[in-house]
Amino acid sequence: MAPCGRVRSRCPGPALLLLLALAARPAAPSPAAGLPGAAGALAGAGQPAGPGAAAPRSARGGGSGSGWKLSEEAVCREDVVRLCSKHSWANNLAVLECLQDVREPDNEISSDCNHLLWNYKLNLTTDPKFESVAREVCKSTIAEDAHSQGEVVACLEKGLVKEAEENDPRIQVSDECKKAILRVAELSSDDFHLDRHLYFACRDDRERFCENLTAAGPALCHQCPEAHSTIPMCLLQCRDALTTRQKLIAQDYKVSYSLAKSCKSDLKKYRCNVENLPRSREARLSYLLMCLESAVHRGRQVSSECQGEMLDYRRMLMEDFSLSPEIILSCRGEIEHHCSGLHRKGRTLHCLMKVVRGEKGNVGPNCQQALQTLIQETDPGADYRIDRALNEACESVIQTACKHIRSGDPMILSCLMEHLYTEKMVEDCEHRLLELQYFISRDWKLDTVLYRKCQGDASRLCHTHGWNETSELMPPGAVFSCLYRHAYRTEEQGRRLSRECRAEVQRILHQRAMDVKLDPVLQDKCMIDLGKWCSEKTETGQELECLQDHLDDLVSDCRDIVGNLTELESEDIQIEALLMRACEPIIQTFCHEVADNQIDSGDLMECLIQNKHQKEMNEKCAIGVTHFQLVQMKDFRFSYKFKMACKEDVLKLCPNIKKKVDVVICLSTTVRNDTLQDAKEHRVSLKCRKQLRVEELEMTEDIRLEPELYEACKSDIKNYCQNVPYGNAQIIECLKEIKKQLSTRCHQKVFKLQETEMMDPELDYTLMRVCKQMIKRFCPEADSKNMLQCLKQNKNSEVMDPKCKQMITKRQITQNTDYRLNPVLRKACKADIPKFCQNILNRAKDDTELEGQVISCLKLKYADQRLSPDCEDQIRVIIQESALDYRLDPQLQMHCSDEISSLCAEEAAAQEQTGQVEECLKVNLLKIKTEMCKKEVLNMLKESKADIFVDPVLHTACALDIKHHCAAIPPGRGRQMSCLMEALEDKRVRLQPECKKRLNDRIEMWSYAAKVAPAEGFSDLAMQVMTSPSKNYILSVITVGICVLFLIGLMCGRITKRVTRELKDR
């Protein structure tokens, strides 16, 4: 091993540069050989002394006769004639290559010829002719010992490797010299002993690691040290020698005898040795791998022996970056700066991948391209075991989560991606997996299953090239973007993907949506926006959510990409893998039917929204669903079902409107106008109207889904509803309850919302949620616009749910604050309101409540019996309801709040309001000091005279008497009240004691009311007379008085007439 040390100490550094510089030009003719340069020396080197292979001179490798021909040796002549073309007979190396390459079971050469060839190759590197040329070009580096045990060849091989790894114009080796060096390496590849340098460097390691393979054949013994080249126990000399040979294999696959032999027929079959290509390209290991991998990916048969060899060398390239000259040339700076000291087991390559992903710094485009090329050459997507770092990091995950998949199957990577960010995934595996997927995502061909299922569609629709062909004009990710655009086309749009390809595209989309870096187009277009808006969003899935939240702020290209992806998610929400994982329980319980559909079409998200508030819903799923709803509000295209149902209507009726909320308002306004105008044909199509209804209902659930209302009330929410959670319309309900304290703008928006809800109670999310079961019980067939009316009619039913009853009362209180919030009253009193209450309307402001003033006005006119029949019916209902619950009379509650607190606190605190507060105020009328409150109580008394039904206490006390004595008298206009008064005066009629007592109390109250509130005009006076219990007596007195006046008039007329005549007669 001494010569090895001497050569090793002299080869590196400037001396080696000199060697390569000299090797670039032809060497001087050797005294022993007339052939020019190194190639000429090799052509005649190694010749035996005589025809016999066993001659001593042959064994020593000597020989000075340049005319000796291997083809002329008797032991090989027959085999040469039989196997080699005639034009190659004159070239010993050509004959050697021929006989070595064609050795197969059916064409075995004779044992004597085989022995001759072996001696020839053994002596080749110690031939004086070869060494004389080598001394000329390596004279400053080669030891004086002529028998250097292969160190000359080793030095030249290292020089060839160095030239490939250095981008220095001073270091160049001529093509002829390269060919000669590589030819020597090829010829020594079939036997470990023929590479003298490797043999002596690895002799001890071979005995330690490969003793059981000695009899297995020369190739296996040669490969055995390679299998252990990463073991630290290997001697440094052996490791260096093996690394040099591996680097030579990367430049010329024939340097690996087993690979060349196993793949020879396949290379020929699939034309991987094209004649018109430069040898330097066709001989490269990467070219062989990509050519044969292309055949495999196209479904062609490649022998198992060849595939096994390819797998070994693909794994080798992934384990040691130094075997790829392009990586060393392009990534030298990145390796030194970020990845120093990580040379084995693929750690350096994964470190570079991590840098490319942006997790450790920046990387140059040349380095990134070199890494992408290496990933394509090794194709770890086809077999995860090729990537040793990934294999070791993910072994435990594969054993638990993917044990049902055959080892080496390409679906293992897909399985790992499906378990990304789950409990089964380990951190190291997660990092290695994402680092590899970053590059696979940038070349659709590297996903084996996707390529196999979609190569036909990609060629037809996306104009792709072969597997091992690339186009610089096609940016990373462009083919996959093309595929997923066609994957979601409708049949009407045409040119759809095949079912198998569509399924694979969906699979990839579902997996890659978890990380924006796995979408090359998105990352490229949104790099600036990610840094500007989302630099702090480092959690899983947050970057895409951040981009969606800032959609309006993004640059144009990024906005388009994010918009297209969001539009795609609306059609197939399963692309949101993290959301689907969070929502799995709710999907299995409520949405399993739509989840099992191959084509989603937005049904799954609609189901999740509908069940968002189920008790099984977890927080993560609810937040994810709500976020997607908020994103949908930015563009109506983000709601797939809405877009498909209404796109034609939007183009026709709402052009240039983009935001979903504005589109919904535009279309719903059109629908409402057509309905109010009784249009013969709706301008909005039926399918759009149905989906529009769904969108309107969804928007009522969360105030954030109504941007204008949310923006107007943001400060009020912070001040008054800070601790109220979003969702279930709880914020909206909070604002309704404190409406009087809201800012003007927010108050107006809330009022408009209430007006809309009262016109269409189905849009009242809280009412529909609380009264859901009661609606099914009492109003199953009621129209949505009459839902509240139906509930009010059944409010006092014994089986009415208390919570629903309480909610109905709240809505009644709201309605009675303003006639505009009661669409039934508004329609019935359309003519009466401007006729009797115009002065109130003149003082009113838009979008602010009238605090019940119009309804109070109509109540007074009801007492005066001046309303139209329809309006009278509605006001009677309101009076009856407010007589039972003082809270339904906003004027009474506003003016008598102090009196209620002081005089009727116990009655007001009652859980069930049955008119006790109103009765209390009537009884304590004399104690009321406030004029406005007294006026309201007097108005109540006045209203009760008009109809006993509006006085619940009196009506309850006299119910039996009405049935017995006044059954034939129709209610209304004070008729039944007059009947009871007459019965009270009639001594023959015996009324119930409670009824009699209540009637006497009412008479006293009415008398007091008449004193403290005299008639304000003739109409009031006439009305008081007509509604008085002594109406008949008063009318009789008035009639008698009129008659007396009439008689007096007649008498006075006769007298004046006679006096006038007497005067004329005079």
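Worth saying up front: this structure is predicted, and the values here are computed from it rather than measured.

Asker: Which parts of the structure should I look at to understand the overall build of the protein?
Answerer: When helices and strands are tallied, the protein shows 63 helices and 0 strands. Burial analysis of the protein (1066 residues in total) assigns 52% to the buried set. Excluding contacts between residues fewer than 6 apart, the proportion of contacts in the protein whose partners are at least 24 apart in sequence is 63%. Surface exposure of the protein reaches about 51800 Å², of which carbon and sulfur atoms provide 51%.

Asker: Before we go on, may I ask you to explain a nonpolar patch on the surface in this structure?
Answerer: Among the surface-exposed residues, V1040, V1044, L1045 and I1048 lie close enough to one another that they form a single nonpolar patch of about 370 Å² accessible area. Locating V1044 in the fold gives a position in helix 63 (residues 1031-1065). Residue V1044 is classed as partly exposed on the basis of its relative accessible area of 41%.

Asker: Hey, could you run me through empty space enclosed by the protein in this one?
Answerer: The method is simple in principle: a probe with the dimensions of a water molecule rolls over the atoms, and the space it marks as empty is what remains. Going through the model one piece at a time under the given rule, you end up with 18 cavities of 30 Å³ or more. Within this model, the largest cavity holds a volume of roughly 170 Å³. In this structure, the largest cavity is lined by 17 residues; those nearest its centre are F480, L509, R512, L518 and D519. Of all elements in the fold, only helix 27 (478-487), helix 28 (499-512) and helix 29 (520-525) reach the threshold of two or more residues within the lining of the largest cavity. A total of 3 residues in the lining of the largest cavity trace back to one element, the largest contributor, which is helix 27.

Asker: Just to check I follow, could you spell out the pattern of salt bridges for this structure?
Answerer: Evaluation of the coordinates by the stated rule reveals 48 salt bridges. Between E912 and K805 there is a salt bridge, and its shortest N-O distance comes to 2.6 Å. Note that E912 is positioned in the loop between helix 55 (905-908) and helix 56 (916-923) and K805 in helix 47 (residues 802-816), a separation of 107 residues in sequence. Its relative accessible area of 17% is what places K805 among the buried residues. With a shortest N-O distance of 3.2 Å, K859 and D889 are connected by a salt bridge. Taken together, the positions of K859 in helix 51 (residues 853-863) and D889 in the loop between helix 52 (869-884) and helix 53 (890-895) put the pair 30 residues apart, joining distant regions of the chain. D889 shares its class with K859; the two are buried. Each member of the salt-bridge network shares a partner with another, and the members are E919, K922, D951, E994, R998 and R1002.

Asker: I'm lost on the state of the cysteines in this one. Help?
Answerer: Simply put, disulfide is the name for a covalent bond between the sulfur atoms of two cysteines. Overall, the coordinates contain 26 disulfides when judged by the stated rule. Linked covalently through their sulfurs, C713 and C746 form a disulfide whose S-S length is 2.0 Å. The sign of the 100° torsion about the S-S bond sets the C713-C746 disulfide as right-handed. Of this pair, C713 sits in helix 41 (residues 707-720) while C746 sits in helix 43 (residues 744-759), placing them 33 residues apart in sequence. When sorted by exposure, C713 lands in the same class as C746, which is buried.

Asker: What's the story with the nonpolar core in this structure? I'm lost.
Answerer: Grouped burial of nonpolar side chains is what soluble globular proteins tend to show. L285, L292, I327 and L416 are the most contacted members of the largest nonpolar core, which has 80 residues in total. Dropping the residues within four chain positions of it, L285 is found in contact with I249, A250, Y253, L259, Y313, M316 and L317. Formed by 33 residues, the second largest nonpolar core is a distinct cluster that contains Y886, I900, L980 and A983.

Asker: What exactly am I supposed to notice about helix 16 (residues 285-297) here?
Answerer: Three- or four-residue spacings in an α-helix give side chains the same orientation, since the helix completes a turn every 3.6 residues. The end-to-end C-alpha separation of helix 16 is 18 Å, in line with the 18 Å expected for 13 residues at 1.5 Å each. In terms of burial, helix 16 is a largely internal element, 12 of the 13 residues being buried. Taken residue by residue, helix 16 has L285, S286, Y287, L288, L289, M290, C291, L292, E293, S294, A295 and H297 as its buried positions. Where helix 16 ends, the next residue or the one after it, G299, has phi of about 90°, a positive value.

Asker: Looking at this structure, how should I read the environment of M787?
Answerer: Position of M787 among the secondary structure elements: in helix 46 (residues 787-793). Through-space distance from the C-alpha of M787 to that of M768 is 9.2 Å; in sequence the pair is 19 residues apart. The residues touching M787, leaving out its near neighbours within four places in the chain, are P761, M768, I775, C779 and A782.

Asker: What should I look at first to understand helix 47 in this one?
Answerer: Helix length check: helix 47, at 15 residues, gives a terminal C-alpha distance of 21 Å against a target of 21 Å (1.5 Å per residue), a fit within 8%. Every buried residue of helix 47 is listed here: C804, K805, M807, I808, T809, R811, Q812, T814, Q815 and N816.

Asker: So what exactly am I meant to see when it comes to the side chain of Q754 here?
Answerer: Tracing the sequence through the fold places Q754 in helix 43. If sequence neighbours within four positions are ignored, Q754 has contacts with K736, K739, T814, L821 and E849.

Asker: In this structure, what is going on with unusual backbone geometry? I would like to understand it.
Answerer: Glycine aside, negative phi is the norm for most residues, and most peptide bonds take the trans geometry. Even without being a glycine, R271 presents a positive backbone phi close to 55°. You can see R271 is positioned in the loop between helix 14 (257-269) and helix 15 (279-282). Assessed through its relative accessible area of 65%, R271 is described here as exposed. In this structure, N728 is a non-glycine residue whose phi angle is positive, near 55°. Assignment of secondary structure puts N728 in the loop between helix 41 and helix 42 (730-737). According to the relative accessible area criterion, N728 is buried, its value standing at 15%.

Asker: Would you mind going over the confidence of the model for the protein with me for this structure?
Answerer: In this model, the protein carries a mean pLDDT of 80, and residues with pLDDT of at least 70 account for 80%. For residues 136-147, every residue scores under 50 in pLDDT, and the model assigns this stretch 29 contacts once sequence neighbours within four places are set aside. Here residues 214-223 scores under 50 on pLDDT; set against residues more than four positions off or in separate chains, the count is 21 contacts.

Asker: Help me understand the packing of helix 36 (residues 603-610) against helix 37 (residues 619-632), please; the structure alone is not making it clear to me.
Answerer: Pairs of packed helices are described in terms of their axes, by the angle between the two and the distance that separates them. Packing of helix 36 against helix 37 leaves a shortest axis separation of 10 Å and a crossing angle of 115°. Classified by chirality, the crossing of helix 37 by helix 36 is left-handed. On helix 37, the residues that touch M605, L608 and I609 of helix 36 are V625, F628 and Q629. Looking at side-chain class alone, the contact of helix 36 with helix 37 contains 5 nonpolar, 1 polar and no charged residues.

Asker: For this particular structure, what's the right way to read the packing of helix 38 (residues 640-653) against helix 40 (residues 686-699)?
Answerer: Contact geometry of helix 38 with helix 40 gives a least axis separation of 9 Å together with a crossing angle of 130°. Taken together, the axes of helix 38 and helix 40 lie oblique to each other. The way helix 38 lies across helix 40 gives a crossing that is left-handed. Here K641, F642, M644, A645, C646 and D649 of helix 38 lie close against helix 40, whose contacting residues are K687, C688, Q691, L692 and E695. Within the contact of helix 38 with helix 40, the residues separate by chemical class into 6 nonpolar, 1 polar and 4 charged.

Conventions used here
Residues numbered from 1 in each chain as written. Predicted model: local features only at pLDDT ≥ 70, side-chain atom pairs only at ≥ 80, totals over all residues. Heavy atoms only, no water. Helix = DSSP H or I, 4+ residues; strand = E, 2+ residues; numbered from the N terminus. Buried < 20%, exposed > 50% of the residue type's maximum accessible area, 1.4 Å probe, protein only. Contact = heavy atoms within 4.5 Å. Areas by Shrake-Rupley, 256 points an atom, 1.4 Å probe, with all protein chains shown as cover. Patch = residues over 30% accessible without salt bridge, like charges linked within 9 Å, V, L, I, M, F, W, Y side chains within 5 Å. Salt bridge = Lys/Arg side-chain N within 4 Å of Asp/Glu carboxyl O. 1 Å grid on protein atoms, 1.4 Å probe; cavity = no way out; pocket = protein on both sides within 12 Å on 5 of 7 lines; lining within 4 Å. Points joined across faces, edges and corners; volume = space filled by probe spheres on them. Disulfide = S-S within 2.5 Å. Core = buried A, V, L, I, M, F, W, Y, C linked by side-chain atoms within 4.5 Å. Expected span 1.5 Å × (residues − 1). pLDDT = per-residue confidence, 0-100. Axes fitted to C-alpha atoms, helices over the stretch in contact; angles between N-to-C directions. Left-handed = near helix turned anticlockwise from the far one by under 90°. Nonpolar A, V, L, I, M, F, W, Y, C, P; charged D, E, K, R; others polar. Parallel < 35°, antiparallel > 145°, perpendicular 65-115°, else oblique.

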